[in-house]
Amino acid sequence: MKELKLYLGPNHPGMHGNYSVHMYVDGDTIVRARPMPGMLHRGFEKLMERRYWMNNLALIPRICVPEPDINEMVYSMAIEELSGVEVPERAHWIRMIILELARIANHLMSLGGIGGPVGLYTGPNWGLADRDLILDIFEEITGARIYHMYIVPGGVRKDISEETIEKIQSFLDYLERRLPEYEDLILKNELVIRRTKDKILLPAEVVWELGVTGIGMRSAVGKAYDIRKVDPYARYDQVDFYVPTANYSDGYTRLYFKYLETYQSIKIIRQVIEKMPKKGEVWNKISVGNALRWRVPKGQVYTHVECTRGEYGYYLVSDGEDKPYRVAVRGASYPQGLLGVEKYMPGTRIDDAALWMDTMGVCAPEIDR
């Protein structure tokens, strides 16, 4: 046997973020895979410990670029718990709108993006074009398209107008009409089916071994483990939605779950718009004085939310000063993106390596944090 070393990333259309996998191949089969993080050189966690509490809001969205808002949410939840600050009722509901729009945007990019590695190039064009409509809404609400810095400790940075709510409703109506076309183009397409059906398996024992959560876990072990259900935050305990589960997790099942979850996010946002207070405060101060000089009471806390890849959490320690004493991020894709690549990517064909990374839901900066 003669091995040949090939590289997937750090800059490659099939790689998510600046991350690399060294693939040792025999013929067209990967026999060894070595993940190579460290391309970002950010050190997010240690950087946060050197910056004021408020300054970190500009840094943390970059820990997962495709879905940045979860970082703002889980960081704010941690500070609010340590400070004992109550979030205004309207802000809770607005946060849910932002988080579910971000979930839809991420799923659309992933659904359409699967077209890249299988040669179905209409898919990425559709996914990114429809995601762009959400970015338009984000820009109107927050002033920014990707890094919003909108969910802040104590609530949200500013209120949402009725005109924007109407635009969100129009978008949801459009997307609901549009989704069956995604099913026809992508999920019923032979290119996608042949490359993902009964391939890139994620057995239940691997889920338990690695600590995989999110769609990977729910599609493999049949348990509806979703933080929005098992430990609700914001006002998720006041909305009705369904968490898809299965007992067989191949690449196709995990892709199909993203399609199903998009419908559920639409359903959640509609309930939020109906139930949220029509007016009221959206932000409470964490402490008096200059926001850059906030001091968070001593203590430690772990807060978590459900992102598109699973459980996403921050362990945060305060010594009572104006900066965090210790921060640790639980990136949802860390298990499968690091150990999973090394242990379970071997046996995959070279041309399926990008599909492996995509359907396993790897977000590289979560590993390189």
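Residues numbered from 1 in each chain as written. Predicted model: local features only at pLDDT ≥ 70, side-chain atom pairs only at ≥ 80, totals over all residues. Heavy atoms only, no water.

Observations regarding the overall build of the protein chain
Then comes step 1: Check the secondary structure of the protein chain and you find 14 helices and eight strands.
Then comes step 2: Scaling as 2.2 N^0.38, a compact globule of 369 residues should have a C-alpha radius of gyration of about 21 Å, and the protein chain matches this with 21 Å.
Then comes step 3: Over its C-alpha atoms, taken along the principal directions, the protein chain stretches across nearly 70 × 45 × 35 Å.
Then comes step 4: The buried share of the protein chain, taken over its 369 residues, is 56%.
Then comes step 5: Put simply, 70% of the contacts in the protein chain that link residues at least 6 apart link residues at least 24 apart.
Then comes step 6: Element-wise, carbon and sulfur atoms account for 52% of the exposed surface of the protein chain, whose accessible area totals about 15100 Å². (Helix = DSSP H or I, 4+ residues; strand = E, 2+ residues; numbered from the N terminus. Rg over C-alpha atoms; globule rule 2.2 N^0.38 Å. Buried < 20%, exposed > 50% of the residue type's maximum accessible area, 1.4 Å probe, protein only. Contact = heavy atoms within 4.5 Å. Areas by Shrake-Rupley, 256 points an atom, 1.4 Å probe, with all protein chains shown as cover.)

As for the sheet that holds strand β7 (residues 310–318)
Then comes step 1: Pairing is antiparallel across the open sheet formed by three strands, whose spatial order is β6-β7-β8. With one partner strand each, in any of the chains shown, β6 (299–307) and β8 (326–330) form the two edges of the open sheet. When strand polarity is set aside, the average angle formed by the axes of neighbouring strands in this sheet is 10°.
Then comes step 2: In the sheet, β6 pairs with β7 via nine bridges, with the strands oriented antiparallel. Across the sheet, the residue bridging to Val 301 is Leu 316, located in β7. (Pairing = 2+ DSSP bridges. Axes fitted to C-alpha atoms, helices over the stretch in contact; angles between N-to-C directions.)

A look at the nonpolar core
Then comes step 1: Ranked by size, the top nonpolar core spans 110 residues in total, and within it Val 21, Tyr 312, Tyr 314 and Met 357 carry the most contacts.
Then comes step 2: Considering every element that reaches this core, the biggest residue donor is helix α3 (residues 89–113), with 13 residues.
Then comes step 3: Setting aside residues up to four positions removed in sequence, Val 21 forms contacts with Leu 6, Tyr 7, Leu 8, Met 15, Ala 33, Arg 34, Val 341, Met 345 and Met 357. (Core = buried A, V, L, I, M, F, W, Y, C linked by side-chain atoms within 4.5 Å.)

Details of the pairing of β8
Then comes step 1: With burial as the criterion, only one face of β8 is covered, namely that bearing Val 327 and Val 329; the residues Arg 326, Ala 328 and Arg 330 on the opposite face remain uncovered.
Then comes step 2: Pairing analysis gives five bridges linking β7 to β8, with the strands arranged antiparallel. Paired with Val 317 across the bridge in β8 is Arg 326.

Considerations on unusual backbone geometry
Then comes step 1: The step from Gly 9 to Pro 10 runs through a cis peptide bond, and the omega angle for that step is 15°.
Then comes step 2: The phi dihedral of Asp 198 falls on the positive side, at around 60°, and the residue is not glycine.
Then comes step 3: Secondary-structure assignment places Asp 198 in the loop between α7 (190–196) and α8 (204–210).
Then comes step 4: Phi is positive for Ile 200, which is not a glycine, with a value near 55°.
Then comes step 5: As for its position among the elements, Ile 200 is in the loop between α7 and α8.

What about the packing of aromatic side chains?
Then comes step 1: Enumeration over the complete set of coordinates arrives at nine aromatic pairs.
Then comes step 2: With 6.4 Å between their ring centres and 40° between their planes, Phe 171 and Tyr 174 make a pair best called tilted. With Phe 171 and Tyr 174 both in helix α6 (residues 162–187), this residue pair falls three residues apart, about one helical turn.
Then comes step 3: On the basis of relative accessibility, which here comes to 6%, the residue Phe 171 falls in the buried class. (Phe/Tyr/Trp six-rings, centres within 6.5 Å; stacked < 30°, edge-to-face > 60°.)

Considerations on empty space enclosed by the protein
Then comes step 1: Summed over the entire model, instances satisfying the criterion amount to two cavities of 30 Å³ or more.
Then comes step 2: What the largest cavity holds in volume is close to 80 Å³.
Then comes step 3: Along its surface, the largest cavity is lined by Val 65, Pro 66, Pro 68, Asp 69, Ala 102, Ala 105, Arg 131, Leu 135, Phe 138, Arg 145, Ile 146 and His 148.
Then comes step 4: Those elements giving two or more residues to the lining of the largest cavity turn out to be α3 and α5 (122–142).
Then comes step 5: Top contributing element to the lining of the largest cavity by residue count: α5, with three residues.
Then comes step 6: Taken together, the residues of the lining of the largest cavity break down into eight nonpolar, one polar and three charged.
Then comes step 7: By volume, the second largest cavity amounts to about 30 Å³.
Then comes step 8: As for the second largest cavity, its lining consists of Arg 218, Asp 226, Arg 228, Tyr 242, Val 243, Pro 244, Glu 261 and Gln 264.
Then comes step 9: Taken together, the residues of the lining of the second largest cavity sort by class into three nonpolar, one polar and four charged. (1 Å grid on protein atoms, 1.4 Å probe; cavity = no way out; pocket = protein on both sides within 12 Å on 5 of 7 lines; lining within 4 Å. Points joined across faces, edges and corners; volume = space filled by probe spheres on them. Nonpolar A, V, L, I, M, F, W, Y, C, P; charged D, E, K, R; others polar.)

Things to note about the sheet that holds strand β3 (residues 29–36)
Then comes step 1: Spatial strand order, β1-β2-β3: three strands in an open sheet with antiparallel pairing. Bordering the open sheet on either side are β1 (4–8) and β3, each of which pairs with just one other strand. On average, adjacent strands in this sheet sit at an angle of 25° to one another, irrespective of strand direction.
Then comes step 2: Where β1 and strand β2 (residues 20–26) come together, five bridges link them in antiparallel fashion. Looking across to β2, one finds that Leu 8 is bridged to Val 21.
Then comes step 3: Where helix α12 (residues 334–344) meets the sheet, its contacts fall on β2 and β3, and the angle it forms with β3 comes to roughly 150°.

Details of helix α2 (residues 69–83)
Then comes step 1: Between its terminal C-alpha atoms α2 stretches 21 Å, which fits the 21 Å expected from 15 residues at 1.5 Å a residue.
Then comes step 2: Following α2 by one or two positions, Gly 84 has its phi on the positive side, about 70°. (Expected span 1.5 Å × (residues − 1).)

Observations concerning the layout of surface pockets
In this approach the atoms are scanned with a rolling probe the size of a water molecule, which exposes any empty space left behind.
Then comes step 1: Estimated volume of the second largest pocket: approximately 310 Å³.
Then comes step 2: Lining of the second largest pocket is provided by 16 residues; of these, Met 77, Glu 80, Glu 81, His 92 and Tyr 233 occupy positions nearest its centre.
Then comes step 3: Where the lining of the second largest pocket is concerned, the elements lending two or more residues are α2, α3 and β6.
Then comes step 4: Examining the composition of the lining of the second largest pocket, we find that four residues originate from one element, α2, more than from any other.
Then comes step 5: When grouped by side-chain class, the residues that make up the lining of the second largest pocket number eight nonpolar, three polar and five charged.

Some details on the side chain of Ser 76
Then comes step 1: Topologically, Ser 76 is positioned in helix α2.
Then comes step 2: Among the polar contacts made by the side chain of Ser 76, one reaches the main-chain carbonyl oxygen of Glu 72 at a distance of 2.7 Å.
Then comes step 3: When residues no more than four places from it in sequence are discounted, the contact partners of Ser 76 are Arg 95, Ile 151, Val 152 and Pro 153. (Polar contact = N/O pair within 3.5 Å; in protein donor to acceptor, adjacent residues only side chain to side chain.)

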